[in-house]
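Fold and contact review
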Amino acid sequence: MERWLLAKGRAPFPFQQAVWRAMRSGQSGLLHAQTGSGKTLAVWGGVLLRAQDQVDACSGHQSTKAGLRALWITPMRALAADTAEALRTPMTELQVGWRLGVRTGDTLPSERSRQERAWPHALVTTPESLSQLLTRADVADLFAHLDAVVVDEWHELLGNKRGVQVQLALARLTTWRPDLLVWGLSATLGNQAEALAALLPCVPTAPEPALIQGRVDKSLVIDTLLPEAESRLSWAGRLGAPMVAQLAQELDQAGTALVFTNTRSQAEIWYQLLLEARPDWAGLVALHHGSLDADVRAWVESGLKAGQLKAVVATSSLDLGVDFLPVERVIQVGSAKGVARLLQRAGRSGHAPGRTSRVTLVPTHTLELVEAAAVRRAAQAGQVEERQAPHQPLDVLVQHLVTVALGGGFQADALFDEVRRAHSYRALTREAFDWCLDFAARGGDSLQAYPEYHRIAPDEHGVWRVAEHTQPGRLVARRHRLQVGTIVSDASMQVRYLNGPKLGSVEESFIARLKKGDCFVFAGRTLEFVRVQDMTAYVRRAEGRRPSVPRWQGGRMPLSSEMARAVMALLDEAAEDRAWHEPEMQAARDMLEAQARISHLPRSDRLLVERFTSREGHHLWLYPFAGRLAHQGLSAVLAWRLARHQPNTFSLAVNDYGLELLSAEPVPVDEASLRAALSPDHLLDDILASLNAAELARRRFREIARVAGLVFTGYPGAPKSTRQLQASSSLFYEVFQQYDAGNRLLSQAQEEVLSQELDVVRLREALTALQPRRIDLVDLRSPSPFSLPLMVERLRERLSTEKLSDRVARALKAMGAVPR
């Protein structure tokens, strides 16, 4: 491997050599290194070196063992082809004698059949396709000679159920192959040791795993596009349109650039804004997000690789792994909300060892200037977010039981021990396992009378199987293989021109809100909705008409704890008049000084609470800086706790910095009553009492029901509608509540609402941290700059004949302030 690299004029990095030594000695491990530093070659080189060692052990002859020898798991099927190309070059030039294949949801049936007649030695696949392979009756023979599994972008899988799916698959594979090598690749993790533990199944005979930190001489530049003196950047959450002209100037001076946004709707808007600013860039600026048709995405990606595009406006669809060497510059529109996300995106530029990666932040409102300075500080200090693996999700386990029952069957005792070797299930009790087994076997107590939920059963030898020799068993097998996996999203609907090509897909819930003649922006075009037919939304061009913009799911990412701490540190310095050496802080100085003049600046050692009375009612603003999700739960708890002593009606608004309670009646608060309302005691009970927890859990249960196999999403070409799926999952929810109150999937739904939608852990930590802090209770004569974004959050959700911008302008006038 070293000779091969030297022949190409490149010397291996020390961390690559360390990986090769570890893999040749039989160690599994995790390689953590920055994007574009050579991680792929390090681990793939180790796989190929082991293959060559085995050739040498066979007296120079290539082993004739059948079946797969190496698996490369990628989190995105769109990356599979690029990954395979990157793996094929060294494999071919080193003359290992292997064949390489790709197997994802996009693989054609003809290619799948060719693979099954003669399996390639190495296979690039996804978690979902790997689980499908585990449902094969001959799966033990297929993996009998597997030597290595590589999990790419482990940081993207670790914190979600897809990562748990990978854990269970690896536990299964190491049952057949105890000496299997498992390696993970990661670029942005703050808890690398825990990530390594989550990746590797517990195999008592395995050597001590290796955690290798890749360090190369690769510089990173993080800067900010500051608003020009004559530009006005809003103090509240807006689109940032005043920055478009400056961004166009920056792009004009650069080569190929990636312009990242956080949401698909924002990508559509900025694509339009750039073309309006530079009409001559038509054909040179492209759009890329996950709802666009695969052919469109492929065209954009090929244009990037060839250096034919000036810029691509993208979402997280281009965050990972694709190697676009011509990209010189990365632009982040708005705050990245997390250090890891920014570093991942920055690595898309200069994507090669030794090249400089540069990311330029484009703030859309003034507070994002502070976030820009904060994220640079945090990145330079190495303060990257941790990611935690989910704790024993039982819906994934129920699905896995059916998978393994299809893949040759299992003995209950042996599989229990195997599942506990997966990190997320290391504390699984036998009682919980037996409940999942019973649920897969007969649907639990409430569904036992319905044969379609009797999916697995023991044979005469005590081996649990799916009875594929029977008609009901064949139906169970087919449905399971069609929807194996944990990716759950709103049903998508194809968007197609009348008598023309398809443009991509959009959530069905969005299309359901449109009437004939309504216009919306999609794929960079303004379209008029015509009709829906056969899960297809037919449209025509609608030039010159004002559109609405799709509000895509997952649009608002919460500010991470690391980012929040970095922002608070800068505000501390601003309060002490020490922060102005940062260019972003200098640009935000007018707003911050106005906040200090009208109220106080939030500080890390105190809690700022503001009161104000307007025609709308009585406003109470608090700034815990705990992130949007935690503030959602906190606002509901505060309103509920304050209303216990005096009945009141509240309107709530939250953002990453704080929350607003707007009440019809005055809220008599002082420091003592606030401390009581902010107590972490009885927090869980009060959250459940203050929120419509049953409705939140019902919505979450829809996803759990899908993963656990209760709800079938439909056959290819005949998917069930969102309304049908909602009705089915709601029916199960009500049946379980009434007749099976101990159903563990119900409690899982509640736990996921608390942990994922309300971030109760972070909320409790924030409330605990607030207890010793001083409370700054300020009565305002006009709204403060920090309160203004919270007012905008609330107002934009309400229908009004008055323009939102007019309301904001009036609030600014009341402050006596002119934002710059």
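Predicted, not measured: the structure shown is a model, and the values here were computed from it.

Digging into the sheet that holds strand β6 (residues 181-186)
Across the sheet, which stays open at both edges, the seven strands sit in the order β3-β4-β2-β5-β6-β1-β7 with parallel pairing between neighbours. One side of each edge strand has no neighbouring strand; the edge strands of this open sheet are β3 (100-103) and β7 (210-214). Adjacent strand axes in the sheet meet at a mean angle of 15 degrees, parallel and antiparallel pairs treated alike. Here β3 pairs with strand β4 (residues 122-125) via four bridges, running parallel. Considered in β4, the bridge of G101 is made with L123. Contacting β1 (29-33), β5 (148-151), β6 and β7, helix α10 (residues 192-199) crosses the sheet at an angle of about 140 degrees to β1.

Describing the sheet that holds strand β24 (residues 659-663)
Strands sit in the order β23-β24-β22-β21-β27 across an open sheet of five strands; the sheet is mixed. Each edge of the open sheet carries a strand with a single partner, namely β23 (650-654) and β27 (774-779). Across this sheet, the average inter-strand angle for adjacent strands is 15 degrees, counted without regard to direction. With six bridges connecting them, strand β21 (residues 606-614) and β27 associate as parallel partners. Opposite R611, over in β27, you have D779 as the bridge partner. Contacting β22 (617-622), β23 and β24, helix α25 (residues 628-645) crosses the sheet at an angle of about 160 degrees to β23.

Some points on empty space enclosed by the protein
Inspection of the entire model under this criterion finds three cavities of 30 Å³ or more. Surrounding the largest cavity, S131, L134, Q165, L168, A169, V396, Q399, H400, T403 and V484 form its lining. Mapped by element, the contributors of at least two residues to the lining of the largest cavity are α9 (161-176) and α16 (394-406). By residue number, the principal contributor to the lining of the largest cavity is α16, which donates four residues. Considering only enclosed or pocket space, the second largest cavity measures out at about 60 Å³ in volume. Taken together, G334, S335, A336, L361, V362, P363, E368, E371, A372, V375 and M563 form the lining of the second largest cavity. Those elements that provide at least two residues to the lining of the second largest cavity are β13 (357-362) and α15 (367-380). Per-element tally for the lining of the second largest cavity: the top contributor is α15, with four residues. For the lining of the second largest cavity, a count of residues per class yields seven nonpolar, two polar and two charged.

Some points on helix α18 (residues 430-442)
A rise of 1.5 Å per residue sets the reference length of α18, with its 13 residues, at 18 Å; its end C-alpha atoms lie 18 Å apart and thus fit the reference within 8%. Taken as a whole, α18 has its buried residues at A432, F433, W435, C436, L437, F439, A440 and A441. Trailing α18 by a residue or two, G443 shows a phi angle of about 80 degrees, which is positive.

Description of the packing of aromatic side chains
Tallying each qualifying case throughout the model produces 15 aromatic pairs. Judged by centre distance (5.4 Å) and plane angle (50 degrees), the ring pair of F625 and Y657 falls under tilted. Pair noted here: F625 is in the loop between β22 and α25 and Y657 is in the loop between β23 and β24, with a separation of 32 residues, a long-range link. Grouping residues by exposure puts F625 and Y657 together as buried. Both rings, one in F701 and one in F736, keep their centres 5.9 Å apart while their planes meet at 85 degrees; by these two values the pair is edge-to-face. Of this pair, F701 sits in helix α28 (residues 693-707) while F736 sits in helix α29 (residues 722-739), and the two are 35 residues apart along the sequence. Among the residues examined, F701 registers a relative accessible area of 0% and is labelled buried. The class for F736 is buried, based on a relative accessible area of 0%. An aromatic cluster is defined as three or more aromatic residues linked by ring pairs; in this entry it consists of W435, F439, Y453, F701, F732, Y733 and F736. Sitting over the ring of F416, R430 keeps its end group 5.1 Å from the ring centre. A cation over an aromatic ring shows up here: R531 above the ring of Y538, its NZ or CZ 4.9 Å from the ring centre.

Some points on the packing of α15 against helix α22 (residues 561-575)
At a minimum axis separation of 8 Å, α15 and α22 run at an interaxial angle of 115 degrees. Considering the angle they form, α15 stands roughly perpendicular to α22. Here α15 and α22 pass one another in a crossing that is right-handed. Facing α15, whose interface residues are V370, E371, A373, A374, V375, R377 and A378, α22 presents M563, A566, V567, L570, L571 and E573.

Description of the environment of Q165
Secondary-structure assignment places Q165 in helix α9. Residue Q165 is classed as buried on the basis of its relative accessible area, which comes to 4%. Between the C-alpha atom of Q165 and that of L130, which follows or precedes it by 35 residues, the distance is 9.4 Å. Not counting the four nearest positions on each side in its chain, Q165 is found in contact with P127, E128, S131, V396, Q399, G485 and T486.

Describing the pattern of salt bridges
A full pass over the atoms with the stated rule returns 47 salt bridges. Between R603 and D572 there is a salt bridge whose closest N-O contact spans 3.0 Å. Remark: D572 occurs in helix α22 and R603 occurs in the loop between α24 (589-598) and β21; sequence separation between them is 31 residues. Neither residue differs from the other here; R603 and D572 are each classed as buried.

Some points on the side chain of S335
Mapped onto the secondary structure, S335 falls in the loop between β12 (327-333) and α14 (339-346). Overall, the relative accessible area of 8% leaves S335 in the buried class. S335 has contacts with N262, E368, E371 and M563, leaving out every residue within four places of it along the chain.

A word on the environment of L710
Relative to the helices and strands, L710 is located in the loop between α28 and β25 (714-715). For L710 and E452, which are 258 residues apart along the polypeptide, the C-alpha to C-alpha distance reads 9.7 Å. Apart from residues lying up to four places away in sequence, L710 is in contact with F439, L447, Y453, F701, A705, F732, F736 and L745.

Cut-off values and rules
- Residue positions are counted from 1 within each chain, in the order its sequence is given.
- The predicted nature of this model means local features are confined to residues of pLDDT at least 70 and side-chain atom pairs, given and counted, to a pLDDT of 80 or more, with totals for whole chains, interfaces and linings taken over all residues.
- To obtain the side-chain values, all non-hydrogen atoms of the structure were used and water was disregarded.
- Whether two strands pair comes down to DSSP finding at least two bridges between them.
- Helix and strand definitions follow DSSP, with helices as H or I runs of at least four residues and strands as E runs of at least two, each counted in order from the N terminus.
- To get an axis, a line is fitted to the C-alpha atoms, and for a helix only the part in contact is used. The angle between two axes follows their N-to-C directions and goes from 0 to 180 degrees.
- Contact criterion: two residues are considered in contact whenever any of their non-hydrogen atoms come within 4.5 Å of each other.
- In this analysis a 1.4 Å probe is tested at points of a 1 Å grid over the protein atoms alone, and where it fits but cannot get out there is a cavity; an open set with protein on both sides within 12 Å along at least five of seven lines is a pocket; lining residues have an atom within 4 Å of a point.
- Grid points are joined across faces, edges and corners, and a volume is the space filled by probe spheres set on the points.
- Charged residues are taken to be Asp, Glu, Lys and Arg, nonpolar residues to be Ala, Val, Leu, Ile, Met, Phe, Trp, Tyr, Cys and Pro, and polar residues to be all remaining types, Gly included.
- For a helix, the expected span equals 1.5 Å multiplied by the number of residues minus one.
- Buried residues are those whose accessible area, probed at 1.4 Å on protein chains only, stays under 20% of the maximum for their type, while exposed residues exceed 50% and partly exposed ones sit between those limits.
- Stacked, tilted and edge-to-face are the three classes applied to pairs of Phe, Tyr and Trp rings, where Trp contributes its six-membered ring and a pair requires centres within 6.5 Å; stacked means planes under 30 degrees apart, edge-to-face means over 60, and tilted covers the rest.
- Whether a charge sits over a ring depends on NZ of Lys or CZ of Arg being within 6 Å of the ring centre and within 35 degrees of the ring normal.
- In these notes the angle categories are as follows: under 35 degrees is roughly parallel, over 145 is roughly antiparallel, 65 to 115 is roughly perpendicular, and the rest is oblique.
- Here a crossing is taken to be left-handed if its near helix is turned anticlockwise relative to the far helix by less than a right angle, and right-handed if that turn runs clockwise.
- Within this document, salt bridges are pairs made up of a side-chain nitrogen of Lys or Arg and a carboxyl oxygen of Asp or Glu, the two lying within 4 Å of each other.

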